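Observations on the three-dimensional arrangement
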Amino acid sequence: MMWGNSHPALDWIRNCKVYLTTELTQARLEEAAHYLIQERPTLFVGLPSAAARLARFVGAAYPDVPRPVVPFVKLGGEQIYPFERDEVERHLGAKVVEFYGSTAMGAIAAQCPERSRHVFAEHVHLEIHRDGNPVPPGEFGDIVVTSLDNRAMPLVRCRIGDRGRMSPDPCRCGRPHPVLAELVGRAAELFLAADGSLVHGSVLGQGLQSFLSTAQPGAIGQVLFQQMDDKSWKVLVESQNRLDGGLSAGLCEVVRTALGRECRVEVERVAVIPREASGKFRYYRSATNPVGRRLQGGKL
């Protein structure tokens, strides 16, 4: 497991080896990779950013190790981007399963073999709201959840901070549970584009898909897009080596495609990009407000 906290007694009961993600140094990545290769566990559980980072490390440092390094990987705790899933599948040879939940609600949804996120309807009732009112399946809005089996502290229509869309159609896997077709973490994290519009920071994470697919394994670790002011951005790149012009130009293009061609972008190489205190990692932040721009009145 690669997570932001550890409970030694519980980890022992679960027969789980934990590597904290609060600081993913080269030494910790090497230790975790060595454990995977030597012990060959059945299941890897972790934050998507940490799993993808370890996968890149394994792909670069151990390209000839037989795959799968681990057969199954369970991801959760952060928004999951396609490039993270791709890297885990490519470098670890794993089958990836996505889980979605929150501290207040526990498990909310999980992925079926058809890659649909099925809501655990026996435990929670999930709705999509816009301006405080439910919207029909297929429409995008705030995720609102009601706990159905928390007898100690029931929560009714709790807006947990994420946004998404329910599918109007059932999944072809045949399971009857509702399908959460789209999920965007942290609804309030908006950034001002060059034209004055508001753009959710997740578009920067999505923009890394084509960029990282062409990068050499091990060339970069993590990437952080930081907005300095309305039209200025700094991109921090975690790398042990000097960045070439192609990598820098590609990262500049990710910003300008998402936020506007007028954006000024500076790329800086760093040894390690600090993670949040929880051990989680976001690919974007505001230099003036560490949690991004907040919505006024909770509305987009």
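Residues numbered from 1 in each chain as written. Predicted model: local features only at pLDDT ≥ 70, side-chain atom pairs only at ≥ 80, totals over all residues. Heavy atoms only, no water.

Relative to the helices and strands, S202 resides in helix 5 (residues 202-214). At 2.9 Å, the side chain of S202 forms a polar contact with the side chain of H200. Look past the residues within four positions of S202 in its chain and what remains in contact with it is Q79, Y81, V184 and Y284. (Helix = DSSP H or I, 4+ residues; strand = E, 2+ residues; numbered from the N terminus. Polar contact = N/O pair within 3.5 Å; in protein donor to acceptor, adjacent residues only side chain to side chain. Contact = heavy atoms within 4.5 Å.)

This part takes up the packing of helix 3 (residues 48-61) against helix 4 (residues 82-92). In the contact formed by helix 3 and helix 4, the axes pass within 8 Å of each other and the chain directions differ by 40 degrees. Judged by the sense of rotation from one axis to the other, the crossing of helix 3 with helix 4 is left-handed. From helix 3, P48, S49, A51, A52, A55, R56, V58 and G59 reach across to helix 4, where they touch F83, E84, E87, V88, H91 and L92. Split by residue class, the contact of helix 3 with helix 4 holds 8 nonpolar, 3 polar and 3 charged. (Axes fitted to C-alpha atoms, helices over the stretch in contact; angles between N-to-C directions. Left-handed = near helix turned anticlockwise from the far one by under 90°. Nonpolar A, V, L, I, M, F, W, Y, C, P; charged D, E, K, R; others polar.)

Moving on, we get to the pairing of strand 8 (residues 124-130). The buried fraction of strand 8 is high, at 5 of 7 residues. As defined by bridge partners, strand 8 adjoins strand 10 (residues 140-147) across 6 bridges and the pair is classed as antiparallel. Residue pairing for strand 10: E127 is matched across the bridge by V144. Two strands pair when backbone bridges link them, and strand 8 and strand 9 (residues 133-134) are joined in this way by 2 bridges, in the antiparallel orientation. From the neighbouring strand, R130 faces strand 9, where its bridge partner is N133. The turn linking strand 8 back onto strand 9 is made up of 2 residues, and D131 within it adopts a positive phi angle of 55 degrees. (Buried < 20%, exposed > 50% of the residue type's maximum accessible area, 1.4 Å probe, protein only. Pairing = 2+ DSSP bridges.)

A word on the sheet that holds strand 16 (residues 232-238). Reading across the sheet, the 4 strands line up as 17-16-15-18 and stay open at both edges, with mixed pairing between neighbours. Of all strands in the sheet, those with a lone pairing partner are strand 17 (264-270) and strand 18 (284-286), marking the two edges. Each neighbouring strand pair of the sheet contributes to a mean axis angle of 25 degrees, computed without reference to strand direction. For strand 15 (residues 223-229) and strand 16, the ladder comprises 6 bridges, and the chain directions are antiparallel.

One can find I128 in strand 8. Residue I128 is classed as buried on the basis of its relative accessible area of 4%. Linking I128 and P168, residues 40 residues apart in sequence, is a C-alpha distance of 12 Å. Beyond its immediate stretch of four places on either side in the chain, I128 contacts N133, P134, V135, E139, F140, G141, D142, I143, G164, R165 and M166.

Now for the pattern of salt bridges. Tallying each qualifying case throughout the model produces 16 salt bridges. Of the charged contacts, one joins R53 and E238 as a salt bridge, the two residues approaching to 3.2 Å between their closest N and O atoms. Within this pair, whereas R53 is found in helix 3, its partner E238 is found in strand 16, the two being separated by 185 residues in sequence. Taken as a pair, R53 and E238 share a single burial class, namely buried. A salt bridge links R130 to E139, with the nearest nitrogen and oxygen atoms 3.1 Å apart. Salt bridges here are not isolated pairs; linked through shared partners, they connect R85, E98 and R117. (Salt bridge = Lys/Arg side-chain N within 4 Å of Asp/Glu carboxyl O.)

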